[in-house]
Amino acid sequence: MRFRTPIVILLLATSACTDDSFARFEVSDVEQYPGCLDKVFPFEPYFLTARPRQESVGLLMQSEGGGFESSDVVYIEVFDTAGARNGETLELSIPGTVDARAIGEVEVAHSCPNFIEPMYITGSVRFDEFSLGQDEYVDGELIDASIRNRRNETLIAGTLTGSWRIKVVKGQPYEEFYQD
């Protein structure tokens, strides 16, 4: 019984330091690179942030904090922020599409450091909440999503499911451009 107090204090301290941000992504119907994708998925990223940019909002969900170039990442960029706020279903375009409402990409640099195929997400995204103020939330999910090779558009994984709830935090490292 004398160990209960330190354990309770540790649990309370741990829960006080966390927020309720989460994300989870799973794949099935894998057509290519199963050895790599099996290392990545299911993917429950550690570092999640909603980053307002000049004309879009980037949702960065990566395996650990720090540089994304050595992380596993699911990245969704929303250009139609009004549609997202209104709960509209936004089609995910190929990255680089001029009039895209949203795009999605997958990187696997942590789990598969020698993997060089660029991947993007097809399907749609819908948001239940898209509020960008301090301590507000971006809450959404993928709809009928899959992963394709950006070089030749071949199917990599026929089904990608995912949902997230990101608590918006201002300042470094959560924002790319911030004010003191």
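First things first, this report covers the structure right here in the doc. (Residues numbered from 1 in each chain as written. Predicted model: local features only at pLDDT ≥ 70, side-chain atom pairs only at ≥ 80, totals over all residues. Heavy atoms only, no water.)

1. Some thoughts on the overall build of the protein
Secondary structure assignment for the protein yields three helices and nine strands. Helices and strands in the protein line up, N terminus first, as α-β-α-β-β-β-α-β-β-β-β-β. Each of the 180 residues in the protein was classed as buried or not, and the buried ones make up 41%. Sequence separation of 24 or more characterises 56% of the internal contacts of the protein that already satisfy a separation of 6 or more. Carbon and sulfur atoms make up 49% of the accessible area of the protein, which amounts to about 10,100 Å² in all. (Helix = DSSP H or I, 4+ residues; strand = E, 2+ residues; numbered from the N terminus. Buried < 20%, exposed > 50% of the residue type's maximum accessible area, 1.4 Å probe, protein only. Contact = heavy atoms within 4.5 Å. Areas by Shrake-Rupley, 256 points an atom, 1.4 Å probe, with all protein chains shown as cover.)

2. Comments concerning the pairing of strand β3 (residues 57-62)
With six of six residues buried, β3 is to be regarded as a mostly interior element. The side-chain alternation of β3 yields two buried faces, one formed by Val57, Leu59 and Met61 and the other by Gly58, Leu60 and Gln62. Two strands pair when backbone bridges link them, and strand β2 (residues 47-52) and β3 are joined in this way by six bridges, in the antiparallel orientation. The partner of Pro52 across the bridge, within β3, is Val57. What sits between the antiparallel neighbours β2 and β3 is a turn of four residues. (Pairing = 2+ DSSP bridges.)

3. Some words on the nonpolar core
Of all hydrophobic cores here, the largest spans 38 residues; its most connected members are Phe25, Leu59, Met61, Phe127 and Trp164. Ignoring sequence-local partners within four residues, the contact set of Phe127 consists of Leu59, Val78, Ala84, Gly87, Leu90, Val138, Asp139, Gly140 and Trp164. (Core = buried A, V, L, I, M, F, W, Y, C linked by side-chain atoms within 4.5 Å.)

4. Let's talk about the state of the cysteines
If you walk through the whole model with that rule in mind, you get one disulfide. Across a sulfur-sulfur distance of 2.0 Å, Cys36 and Cys112 are joined as a disulfide pair. Taking the sign of the S-S torsion, about 120° here, the bridge from Cys36 to Cys112 comes out right-handed. Linking Cys36 in helix α2 (residues 34-40) with Cys112 in the loop between β6 (102-108) and β7 (119-130), this pair joins segments that are 76 residues apart in sequence. Note on Cys36: relative accessible area 9%, which makes it buried. Looking at Cys112, the relative accessible area reads 9%, which means it is buried. (Disulfide = S-S within 2.5 Å.)

5. Concerning the environment of Ala84
As for its position among the elements, Ala84 is in helix α3 (residues 81-85). On the basis of relative accessibility, which here comes to 1%, the residue Ala84 falls in the buried class. Residues Ala84 and Asp128, 44 residues apart in the sequence, show an inter-C-alpha distance of 8.4 Å. Excluding residues that lie within four positions of it along the chain, Ala84 makes contacts with Val78, Leu90, Phe127 and Phe130.

6. Observations regarding the side chain of Ser146
Considering the arrangement of structural elements, one finds Ser146 in strand β8 (residues 137-149). Separated by 2.5 Å, the side chains of Ser146 and Thr122 make a polar contact. With residues up to four places along the chain from it excluded, the contact list for Ser146 reads Tyr120, Ile121, Thr122, Leu155, Ala157, Gly158, Thr159 and Leu160. (Polar contact = N/O pair within 3.5 Å; in protein donor to acceptor, adjacent residues only side chain to side chain.)

7. Quick notes on unusual backbone geometry
In this structure, Pro42 follows Phe41 across a cis peptide bond, with omega equal to 0°. Tracing the backbone shows Pro42 in the loop between α2 and β2. Backbone geometry at Asp135 places phi at a positive 65°, although glycine is not the residue there. Tracing the backbone through its elements, the reader meets Asp135 in the loop between β7 and β8.

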